[in-house]
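# Observations on the three-dimensional arrangement
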Amino acid sequence: MPAYILRRFAALIPVLLTVFTAVFLVVHLAPGSPASVILGQEATPQQITQLNSDLGLDQPLWQQYATWIGHAVTGDLGQSYFLDAPVLSTIVDHVPPTLSLALIAEIIGIGVAIPLGIIAATRRGSLLDRVILNGSLVGISVPSFLLALFLLLVFGVWLRVLPVGGYEPLSSGFFTWLSYLILPGIALGGMQAALITRMARSSVLEVLGQEYIKVAKAKGLRTRVVVLKHALRNAFLPVLTILGQGLGSLITGAVVTETIFTIPGIGTLVVNSVLHRDFPVVQGTVLFTTVIFVLVNLIVDLLYGVFDPRVKLPSKR
Amino acid sequence: MIRWQRWVATSAAIVLAVALSGCGALAARTHSDQELHVALGAQPTTLDEQMTTAEPTKYVMRNVFETLVTTDADNKVVPMLASAITESADRTSYRFDLRRGVHFHNGAEMTSADVVASMTRWLKLSPAAKSVLGKDATFVADGPYAVVLKMKAPAVGALGVMATHKQFPAIMPAAIAQNAAPTGVTSFIGTGPYKLVEWKKDASIHLTKFDGYSARSEAPSGFAGRRDALIRDVYFDIVTDPSTQLAGLQTGKYDILASASYDTYDWLKNGKDFTVTSYNDGDVVFAFNIKNGVFDTPQKRQAVQLGVNSSDIMNVAFADKDVYDLKAGYMSVDQPDWYTNDGADTYNQGDTARAGKMLREAGYHGEPVTLLTVNDDPFQYKSAVVLQQQLKEMGVNVTLRTGDWATYSALSLDPKGYDITTAGITTVSDPTQLSYLGDSWPVYAQSPVVADAFTKIQRSADLKDARDIWVNTQKYLREDYVPVIMAGEFKGVSAANKDVHGFTTKDGPIIWNTTLGDH
């Protein structure tokens, strides 16, 4: 396993290089420059040209690329044009809110969706099964921004039981931290939870039809033991895949939810830096999110072996 | 009833009861009355006010920095950090005696060295300053408490441009101004009633009361007079979504919306828990690419102007008549020194049939026309969509091109990037600063008539003479040259909860002299 992990990390380098090169070209070739955004609509062409030059943006593209790569390998991701801070520390500052949000959304996904999927599978054809299935269909169909606005209105404005937006770190107190994340967590995790519910249901249904489950029942084991101990573990692999992919998407795709709930996370950072043409921040966050995706996929691959011992990691050639 | 059904019914009843009790409750502030939360719709791109014309920067930093002169409620220029202003006989220089005992946030006393360094930097960075004062203007110290502005020629708009609130001449310590990087200052030390504590990116900007502030003694009037930091801490919270802004105002999370969305104006003004104030914020104009575009002759531009229905455009862009004015003049209706409606018979005609005929007679034969706008600015985008329709009715083969701010900026600087562009032009202190009439506008071919008129305006003996020249110039611009089409003047809207007192607006929210709580 250590060799496998090392090989996966080594494979990260060409992935990072490819992704970074593509993003570098796209953002630099797109129209617009940070100078025009900093100076405002009524800046003169001369001012914009001068500031772009001061920012080093008049250098040839290959030179800018080489310079950035050269610094990045030493851990220096550059300085944000707008935020007056190193890119690395900017990313680090924006990670906790997004990570917190993604965690809450995943907990909702695991804590709510999997039990619902199991219940639906074990009560297949019943009214409860139909309610859960239709509910999950609604969950998949409703866009996250609409759900976010609805939750904001009902729980934030009408009922006044939860804050309408913002973020407080964990250091402000666990319940304070949690109170700011419940609504956006539901909004963000709702669609994924719906997907996991359906996946868990179909996966458990498939496993419940296996011969060994019949043997377990015939042995007189209680239904709960049959489902949780024997069926769930085997049904969990497809769900694990979705959870892993979903976590990566949650981290990088939370921008709409972060905007509505004014959470200063990675999603907000990425969108603002793209709109502002803050090239170092765009490049740095792309690197960061690529590493996250690869790491999450690696963890999911390793967990396959944990849940199903029949799954073997590729052996050394 | 089955047990789980009973459970569901009971839960639903509880939720409904709580919901009904919660509905209609007044906003209860979620923080103390020594903390003011202002929702800002966009994050500032920089806090260096001397570098940018962006509004979020202005709204925040005018609480931190002050200027030598400013404007009162009647838009008259009055001293702020200056104690007295003396104009030379030939009007080529102004002496500013400085107030003594004014301290920066770092405790140092403001002297002429600081003012000279700040004004010199501002002169280098501001196109408006260079245009009005002249590229050779200088600020020099005359002792520790006096500064002299020296110009090569008289400029009737000199004090006006120094009192501007767009890219204003913030006074800062000399060491900061002189050592500023090309990308801007990184230390924000001013003389204002508030000082900067922290800028939490993408979250909020925190200001706190400056206990060493030296206030003027006159009664507050516009930006002039006494400024008191009556609330200890001010947070400008970055809230980009209009629904979230509104929800925050309703629930007391935010006390003030600096710039409310026009879509929410109707709801806000009819709400009994809020006060809504508006302020003249600028003009919607459509500017022609005279140098390289299809509308390269005055006749074609006159034809398009004839066909434009400004009422429809402004109505769609802003929805409520309270927040815009239909006007023909290029200056603000709030500027009686400059505003004139001369040439109004060319405004808001909406005669697309005649316009189409005129266009064909002027030599337009269906060439493709690009109408450029920015989709980050809803009113610009909406006005462009309506204009596009009107142009089509005139027989123009028009395509709408949009992008975010950065894309729009790049395309608007491209000599062949557009034939007509939308623009939101903020109020200026005199017509020679109108950016779309200046040589800094890359595709504008300045008319020799206008260039000559602007020179005469600045050299005028007094404001009355200058205005007379402007009236004739505007008539020429509207009836003959037509470099832009005026759609109308729009207002910015701020909203505050009922427990906010003393809050006023002028070119945006004014935070000093504001208090919170039951009175």
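Residues and elements named next belong to chain B. Of all six residues making up strand S16 (residues 420-425), six are buried, and the element is well covered by its neighbours. The alternating pattern of S16 places Ile420, Thr422 and Gly424 on one face and Thr421, Ala423 and Ile425 on the opposite face, and all of these are buried. Pairing analysis gives six bridges linking strand S12 (residues 274-288) to S16, with the strands arranged antiparallel. Counted as the bridge partner of Phe288 is Ile420 from S16. Bridge count between strand S14 (residues 368-374) and S16: two bridges; the pairing is parallel. The partner of Leu371 across the bridge, within S16, is Ile420.

Here the focus is the environment of A:Ser36. Mapped onto the fold, A:Ser36 is located in helix H2 (residues 34-39). When its relative accessible area of 5% is taken as the criterion, A:Ser36 is described as buried. Separated by 240 residues in sequence, A:Ser36 and A:His276 have C-alpha atoms that sit 8.9 Å apart. Beyond its immediate sequence surroundings of up to four residues, A:Ser36 is in contact with A:Ile48, B:Ala406 and B:Ser409. In this structure the side chain of A:Ser36 is engaged in a polar contact, spanning 2.9 Å, whose partner is the backbone oxygen of A:Ser33.

Often the size quoted for an interface is simply the accessible area lost on bringing the parts together. Facing the 54 residues of chain B at the interface are 42 residues of chain A. Buried surface at the junction of chain B and chain A, summed over both partners, amounts to about 3,800 Å²; 60% is from carbon and sulfur atoms. Ranking the residues of chain B by area buried against chain A places B:Thr45, B:Lys201 and B:Asp202 at the top, with a combined share of 15%. Here A:Arg277 ties to B:Asp404 by a salt bridge, and the two come within 2.9 Å at their closest N and O atoms. For the interface between chain B and chain A, the tally reads 10 residue pairs in polar contact (both at pLDDT 80 or more). Of all elements in the fold, only helix H1 (3-22), helix H7 (242-251), helix H13 (405-413) and S16 of chain B reach the threshold of two or more residues within the side of chain B that touches chain A. Considering every element that reaches the side of chain B that touches chain A, the biggest residue donor is H13(B), with seven residues. When the residues that make up the side of chain B that touches chain A are grouped by side-chain class, the tally is 25 nonpolar, 23 polar and six charged.

As a further point, take unusual backbone geometry. Residues and elements named next belong to chain B. In this structure, Asn75 takes a positive phi of about 65 degrees despite not being glycine. Mapped onto the elements, Asn75 comes out in the loop between strand S2 (69-71) and strand S3 (77-79). You can call Asn75 partly exposed: its relative accessible area is 28%. If you check the backbone angles, Asn513 has positive phi at about 70 degrees while not being a glycine.

On to the sheet that holds strand S5 (residues 93-98) of chain B. Pairing between the strands of a sheet is mediated by backbone hydrogen bonds and can be parallel or antiparallel. All names here are of chain B. As summarised here, the arrangement of the four strands in space is S4-S5-S7-S6, forming an open sheet in which the pairing is antiparallel. Each edge of the open sheet carries a strand with a single partner, namely strand S4 (82-87) and strand S6 (138-141). Between one strand and the next, the sheet's axes are offset by a mean angle of 20 degrees, whatever the strand orientation. In the sheet, S4 pairs with S5 via five bridges, with the strands oriented antiparallel.

Before going further, it helps to spend a moment on the pairing of strand S8 (residues 194-200) of chain B. All names here are of chain B. Examined bridge by bridge, S8 and strand S9 (residues 204-209) share six bridges and lie antiparallel to one another. Along S9, the bridge assignment pairs Lys195 with Thr208. Connecting S8 to the antiparallel partner S9 that follows it, the hairpin turn spans three residues, and Asp202 within it adopts a positive phi of roughly 65 degrees.

Below, the discussion takes up the domain arrangement of chain A. All names here are of chain A. Under the domain assignment used here, chain A contains domain 1 (32-76) and domain 2 (93-307). A separation of 39 Å is found between the C-alpha centroids of domain 1 and domain 2. The partner domain 2 presents eight residues to the six residues of domain 1 that form the contact. Summed over both sides, the interface of domain 1 with domain 2 buries roughly 530 Å², with 74% coming from carbon and sulfur. Broken down residue by residue, the surface that domain 1 buries against domain 2 is led by Pro34, Val37 and Trp68, which jointly contribute 72%. The interface formed by domain 1 and domain 2 holds zero salt bridges in total. Here domain 1 is connected to domain 2 by zero residue pairs in polar contact (both at pLDDT 80 or more). Considered class by class, the residues forming the side of domain 1 that touches domain 2 number four nonpolar, two polar and no charged.

Residue and element names in this part refer to chain B. Taken as a whole, this structure holds 24 salt bridges over all chains when the rule is applied. Among the salt bridges present, the one from Arg232 reaches Asp211, with a minimum N-O distance of 3.1 Å. Pair noted here: Arg232 is in the loop between S9 and strand S10 (233-238) and Asp211 is in the loop between S9 and S10, with a separation of 21 residues, a long-range link. With a relative accessible area of 32%, Arg232 lands in the partly exposed category. Owing to a relative accessible area of 59%, Asp211 belongs among the exposed residues under this scheme. With a shortest N-O distance of 3.7 Å, Arg354 and Asp351 are connected by a salt bridge. Counted as one network, the salt bridges with shared partners bring together Asp266, Lys269, Asp320 and Asp322.

Before going further, it helps to examine helix H1 (residues 2-29) of chain A. Residues and elements named next belong to chain A. Look at H1: 41 Å from first C-alpha to last across 28 residues, which is about the 40 Å you get at 1.5 Å a residue. Of the positions making up H1, those classed as buried are Tyr4, Leu12, Leu16, Phe20, Val23, Phe24, Val27 and His28. Where H1 is buried, its residues meet helix H4 (61-72) and helix H13 (279-307).

Looking now at the nonpolar core. Residue and element names in this part refer to chain B. In this structure, Phe318 and Trp470 are the most contacted members of the largest nonpolar core, which totals 75 residues. Ranked by the residues each element gives to this core, the list is headed by strand S17 (residues 484-497), at seven residues. Here Phe318 is in contact with Tyr262, Val284, Val323, Tyr324, Phe379 and Phe490, once residues within four sequence places are set aside. If you look at the next biggest cluster of nonpolar residues, it comprises 66 residues, including Val116, Leu159, Leu207 and Ile256.

Counting through the fold element by element, B:Thr52 comes out in the loop between strand S1 (35-40) and helix H2 (55-61). For B:Thr52, a relative accessible area of 0% corresponds to the buried category. A polar contact of 2.7 Å, which involves the side chain of B:Thr52, links it to the backbone oxygen of A:Ile38. Within the structure, B:Thr52 has its side chain in polar contact with the backbone nitrogen of B:Ala54 (distance 3.1 Å). Ignoring any residue separated from it by four or fewer positions in sequence, one finds B:Thr52 in contact with A:Ile38, A:Leu39, A:Gly40, B:Thr45, B:Thr46, B:Thr57 and B:Gln167.

Definitions and cut-offs
- Residues numbered from 1 in each chain as written.
- Chains lettered and ligands numbered in written order.
- Predicted model: local features only at pLDDT ≥ 70, side-chain atom pairs only at ≥ 80, totals over all residues.
- Heavy atoms only, no water.
- Buried < 20%, exposed > 50% of the residue type's maximum accessible area, 1.4 Å probe, protein only.
- Helix = DSSP H or I, 4+ residues; strand = E, 2+ residues; numbered from the N terminus.
- Pairing = 2+ DSSP bridges.
- Contact = heavy atoms within 4.5 Å.
- Polar contact = N/O pair within 3.5 Å; in protein donor to acceptor, adjacent residues only side chain to side chain.
- Buried area = accessible area lost by both parts, 1.4 Å probe.
- Salt bridge = Lys/Arg side-chain N within 4 Å of Asp/Glu carboxyl O.
- Nonpolar A, V, L, I, M, F, W, Y, C, P; charged D, E, K, R; others polar.
- Axes fitted to C-alpha atoms, helices over the stretch in contact; angles between N-to-C directions.
- Domains from an automatic or database assignment.
- Expected span 1.5 Å × (residues − 1).
- Core = buried A, V, L, I, M, F, W, Y, C linked by side-chain atoms within 4.5 Å.

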